[in-house]
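# Summary of the model geometry
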Amino acid sequence: MNIEPLLNSISKYISLNDQEIEYFKSKIFIRKYLKGQYIVQQGDVCKYECYVLSGCTKTFYVDQEGHEHIIMFSIEDWWTSDMGSFISQTPADFNVQCLENSELIMISHDVVEDLYREIPKLERFFRKIVERAFVASQKRIVRNFSLTAKDQYLYFREQYPLIEQRIPQYMIASYLGITKEFLSKIKSQLILEQ
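Read on for a plain summary of the structure. Note that the structure is predicted; figures quoted are calculated from it, not measured.

### Section: the sheet that holds strand β5 (residues 68-74)
Sheet architecture is open: four strands sit in the order β2-β7-β4-β5, paired in antiparallel fashion. Of all the strands in the sheet, just β2 (38-40) and β5 have a single pairing partner and so form its edges. The sheet shows a mean angle of 30° between the axes of neighbouring strands, taken without regard to direction. Direction of pairing for strand β4 (residues 57-62) relative to β5: antiparallel, over a ladder of six bridges. Bridge pairing links Thr59 to Met72 in β5. With respect to the sheet, helix α8 (residues 169-176) is in contact with β4 and β5, its orientation differing from that of β5 by roughly 100°.

Set out below in structure tokens:
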């Protein structure tokens, strides 16, 4: 099981010795998903926190009218799940679906407390990951309130250049909270400005 990318990510925050790494490896597993498969669906309880080894996922919810609202994308070296559902073990508000064939490291809810008990410094690592996600979420809310759609798109393109090349434009529009037609107008305007 090649979990080196995850171990490299962990090593940015904490150091694990060989015994801790072996214990950690014994508690996680890798699962492959096909494009289109769901990791978690709205209304189900999220049982896993997932680290993306390869592939791309989207986290979204579907409103009462059946419209899809994309909250985030995850690619290699990112985490994905419905965090609220995972922590509280209550029905998920969000869907997580694979946009590409994906390979994920899965950590079950039942195992997390064991990991924290046996390797307490892992709790610090996961706290740091959640803190970063929380700050990013707050900044996104501020951008949604304060930036024009054009500026939001430019920010998205600058921050996530690897994602834009991998997903359809209508999904970027959903993430930005605009229509695909409006996104096309923004892109046309940017071409004219060059």
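### As for the side chain of Arg143
Mapping Arg143 onto the fold places it in helix α5 (residues 121-146). There is no salt bridge for the buried Arg143, and the closest opposite charge comes from Glu158, which lies 9.9 Å off by N-O distance. Excluding residues within four positions of it along the chain, Arg143 makes contact with Gln152 and Tyr155.

### Observations concerning the environment of Leu122
When you line up the elements, Leu122 lands in helix α5. Apart from residues no more than four positions distant in its own chain, Leu122 is found in contact with Ile10, Ile14, Phe24, Leu115 and Tyr116.

### As for the pattern of salt bridges
Enumeration over the complete set of coordinates arrives at eleven salt bridges. A salt bridge links Lys25 to Glu22; its shortest N-O distance comes to 3.9 Å. Here Lys25 and its partner Glu22 are both found in helix α2 (residues 18-27), three residues apart, which amounts to about one turn of the helix. Here Glu22 falls in the partly exposed class, since its relative accessible area comes to 49%. Residue Glu164 pairs with Lys187 through a salt bridge whose shortest N-O separation is 4.0 Å. Of this pair, Glu164 sits in helix α7 (residues 161-164) while Lys187 sits in helix α9 (residues 180-193); the two residues are 23 residues apart in sequence, bridging distant segments of the chain. Residue Glu164 is classed as buried on the basis of its relative accessible area of 9%. Through salt bridges with shared partners, one network takes in Glu76, Glu100 and Arg166.

### With respect to the nonpolar core
Grouped together as the largest cluster of nonpolar side chains are 35 residues, with contacts concentrated most on Ile10, Phe24, Trp79, Ile107 and Leu122. Taken together, the elements giving at least two residues each to this core come down to α1 (4-11), α2, β2, β3 (48-54), β7 (95-98), β8 (102-108), α4 (109-118) and α5. Counting residues in each nonpolar core, the second largest holds 20 residues, with Cys56, Leu99, Ala149 and Tyr153 among its members.

### Considerations on the side chain of Ser174
Its place among the elements puts Ser174 in helix α8. Here the side chain of Ser174 touches Ile70 through a polar contact of 3.0 Å, landing on its backbone nitrogen. Contact partners of Ser174, with chain neighbours within four places excluded, come to Glu68, His69 and Ile70.

How each quantity is defined
- Residues numbered from 1 in each chain as written.
- Predicted model: local features only at pLDDT ≥ 70, side-chain atom pairs only at ≥ 80, totals over all residues.
- Heavy atoms only, no water.
- Pairing = 2+ DSSP bridges.
- Helix = DSSP H or I, 4+ residues; strand = E, 2+ residues; numbered from the N terminus.
- Axes fitted to C-alpha atoms, helices over the stretch in contact; angles between N-to-C directions.
- Contact = heavy atoms within 4.5 Å.
- Buried < 20%, exposed > 50% of the residue type's maximum accessible area, 1.4 Å probe, protein only.
- Lys, Arg positive; Asp, Glu negative; His and termini not counted.
- Salt bridge = Lys/Arg side-chain N within 4 Å of Asp/Glu carboxyl O.
- Core = buried A, V, L, I, M, F, W, Y, C linked by side-chain atoms within 4.5 Å.
- Polar contact = N/O pair within 3.5 Å; in protein donor to acceptor, adjacent residues only side chain to side chain.

Take it as geometry only, folks, not as evidence of what the structure does.
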